[in-house]
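# Per-entry structural report
Each chain, written out:
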Amino acid sequence: MCSATSLPSANNSRRRESNPICHPPFDFFRMSETRDLENNLERFQEKFAELKNEIQKAIVGYDELLSDTLVAVFARGHLLLEGVPGLGKTYLVQNLSKAMGLKPGRIQCTPDLMPADILGTHIVNENEEGRRVLDFEPGPVFANLILVDEVNRATPKTQAALLEVMQEGAVTAGGETMPLPKPFFVMATQNPMEMEGTYPLPEAQADRFLFKLRVPFPDKETLVEISKRTAAFDTPLLNQVITEEELVASQKVVASVPVSDHITDYAARLVLGTHPEEGERLDAVTQYISYGASPRGMQALIRGARVYCALEGRTAVSVDDVNRVALPALRHRVILNFQGEAESTDVDALVEEVIASTGE
């Protein structure tokens, strides 16, 4: 056995050469794993770009919005899209399911929608012997990509029916728990305007969404291009560019991107910076915020930052990656108090102020 205190000699040199234990291949395996990660990240970048280009055949503009949407998918998270009617939120989700080859499901939320309309229900049938039996009729959530259109038009009772679906990926009915297909995503849309017949999402429901993205109104050039593309009767036909197996493999590659301790510490301080009861808090946070971001906000920061790090081909997450996803990850998890609501305080501005005050 090789000894660390032995003096160098010809015999010891020959002994070290013949004994592989004296040369642990730690560095080699670490380099090999790094090269494998870099190769996997290159393939992930190619697949991401291919998927984005395919969807942009049907979606005009919204480059950043589309990137954030795909980041949520590869980070294995649900997505909440907010925007006024007519901006193409539903169209975006529909084309995403086509390009990814995922089984789509759609729920059009209305005030009279019931939980059983979403989850499914037991119905009475007759078997071959003529006896009456209870069979479960699956609802639209039994798919890969669920579009919940105008989620804030459903009552809180129906909104709560999605809690187990989004958190556990399963449906419990009649004492039986049935798993949903994998991969599984919920993408919901909502109208930000205060209108009759709308029910704001409760905090626990909104917290289940990885990101909340705001869909901006298109500029003049985009409006002109939209009119040109939609003037014809034919709609763009999208090809499937990724399989379910490739999607799951890409998600695992992204999840393997290393995150150092100081980045995790920075993300934690960023989340705590949104809490008014913390010691190092901003005056605006104390004045306008009732509750800060939850631990799921911390998870969203790390998972989203890993994807953006992978898109740039780097093998370690940086502070800029965390800041890049801070707004979509935290804006729906920061709850304003009465004064903040009364003064119509912009949550995005508060989050940006917290980012600027949080040092590396």
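As a reminder, the structure under discussion sits directly above these lines.
Please read all numbers here as calculations on a predicted model, not as lab measurements.

### A word on the sheet that holds strand E2 (residues 104-108)
- Judged by pairing direction, the sheet is parallel, and its five strands sit side by side in the order E2-E5-E8-E1-E9 without closing on themselves. Strands at the two margins of the open sheet, each flanked by one partner only, are E2 and strand E9 (209-214). Ignoring strand direction, the axes of neighbouring strands in this sheet form an average angle of 15 degrees.
- Sheet analysis places strand E1 (residues 78-82) next to E9, joined by five bridges and oriented parallel. Across the sheet, the residue bridging to Glu82 is Arg214, located in E9.
- Running over the sheet, helix H4 (residues 89-100) touches E1, E2, strand E5 (145-149) and strand E8 (185-190) and is turned about 170 degrees from E5.

### Concerning the packing of aromatic side chains
- Tallying each qualifying case throughout the model produces three aromatic pairs.
- With a centroid separation of 5.8 Å and 40 degrees between ring planes, the pair formed by Phe48 and Phe74 is classed as tilted. Here Phe48 is found in helix H2 (residues 26-55), whereas its partner Phe74 is found in helix H3 (residues 63-74), with 26 residues between them in sequence.
- Residue Phe74 is classed as buried on the basis of its relative accessible area of 1%.
- Taken together, the aromatic side chains of Phe44, Phe48 and Phe74 make up a single cluster linked through ring pairs.

### Remarks on the layout of surface pockets
- The computed volume of the largest pocket comes to approximately 830 Å³.
- Forming the walls of the largest pocket are 27 residues, and the residues nearest its centre are Glu82, Gln190, Pro200, Lys212 and Glu341.
- A per-class count over the lining of the largest pocket returns eleven nonpolar, eight polar and eight charged.
- Approximately 560 Å³ is the volume found for the second largest pocket.
- Around the second largest pocket, the lining is made up of 24 residues, and of these Arg76, His78, Met166, Gln167 and Arg303 lie nearest the centre.
- For the lining of the second largest pocket, the secondary-structure elements that each account for two or more residues are helix H7 (162-168), E9 and helix H13 (295-311).
- For the lining of the second largest pocket, the per-class residue count stands at ten nonpolar, six polar and eight charged.

### Examining the side chain of Asp348
- By the secondary structure assignment, Asp348 is in helix H16 (residues 347-357).
- The class of Asp348 is buried, set by a relative accessible area of 11%.
- There is a polar contact of 2.9 Å between the side chain of Asp348 and the side chain of Arg331.
- The contact partners of Asp348, leaving out residues within four places of it in the chain, are Arg214, Leu327 and Arg331.

### Comments concerning the pairing of E2
- The side-chain alternation of E2 yields one buried face, formed by Gly105 and Ile107, and one unburied face, formed by Pro104, Arg106 and Gln108.
- Pairing geometry for E2 and E5, over five bridges, is parallel. Its bridge partner lying in E5, Gln108 is registered against Asp149.

### What about the environment of Val259?
- Tracing the sequence through the fold places Val259 in the loop between helix H10 (244-255) and helix H11 (261-272).
- For the pair Val259 and Ser318, spaced 59 residues apart in sequence, the C-alpha separation works out to 8.1 Å.
- Val259 has contacts with Thr264, Ile302, Arg306 and Val317, leaving out every residue within four places of it along the chain.

### Details of the packing of H3 against H4
- Contact geometry for H3 and H4: axes closest at 12 Å, N-to-C directions at 55 degrees. When the interaxial angle is binned, H3 and H4 end up oblique. Crossing angle aside, the handedness with which H3 passes H4 is right-handed. Mapping the contact onto sequence places Leu65, Leu66, Thr69, Leu70 and Val73 in H3 and Leu92, Leu96 and Met100 in H4.
- Considered class by class, the residues forming the contact of H3 with H4 number seven nonpolar, one polar and no charged.

### Side note on the nonpolar core
- Among the nonpolar cores identified, the biggest contains 73 residues, and Leu51, Ile55, Phe211, Leu270, Leu301 and Val322 are the most heavily contacted of them.
- Looking at this core, the element that brings in the most residues is H13, giving nine residues.
- Ile118, Val148, Ala173 and Met178 belong to the second largest nonpolar core, which has 28 residues in total.

The rules behind the values
Residues numbered from 1 in each chain as written. Predicted model: local features only at pLDDT ≥ 70, side-chain atom pairs only at ≥ 80, totals over all residues. Heavy atoms only, no water. Pairing = 2+ DSSP bridges. Helix = DSSP H or I, 4+ residues; strand = E, 2+ residues; numbered from the N terminus. Axes fitted to C-alpha atoms, helices over the stretch in contact; angles between N-to-C directions. Contact = heavy atoms within 4.5 Å. Phe/Tyr/Trp six-rings, centres within 6.5 Å; stacked < 30°, edge-to-face > 60°. Buried < 20%, exposed > 50% of the residue type's maximum accessible area, 1.4 Å probe, protein only. 1 Å grid on protein atoms, 1.4 Å probe; cavity = no way out; pocket = protein on both sides within 12 Å on 5 of 7 lines; lining within 4 Å. Points joined across faces, edges and corners; volume = space filled by probe spheres on them. Nonpolar A, V, L, I, M, F, W, Y, C, P; charged D, E, K, R; others polar. Polar contact = N/O pair within 3.5 Å; in protein donor to acceptor, adjacent residues only side chain to side chain. Parallel < 35°, antiparallel > 145°, perpendicular 65-115°, else oblique. Left-handed = near helix turned anticlockwise from the far one by under 90°. Core = buried A, V, L, I, M, F, W, Y, C linked by side-chain atoms within 4.5 Å.

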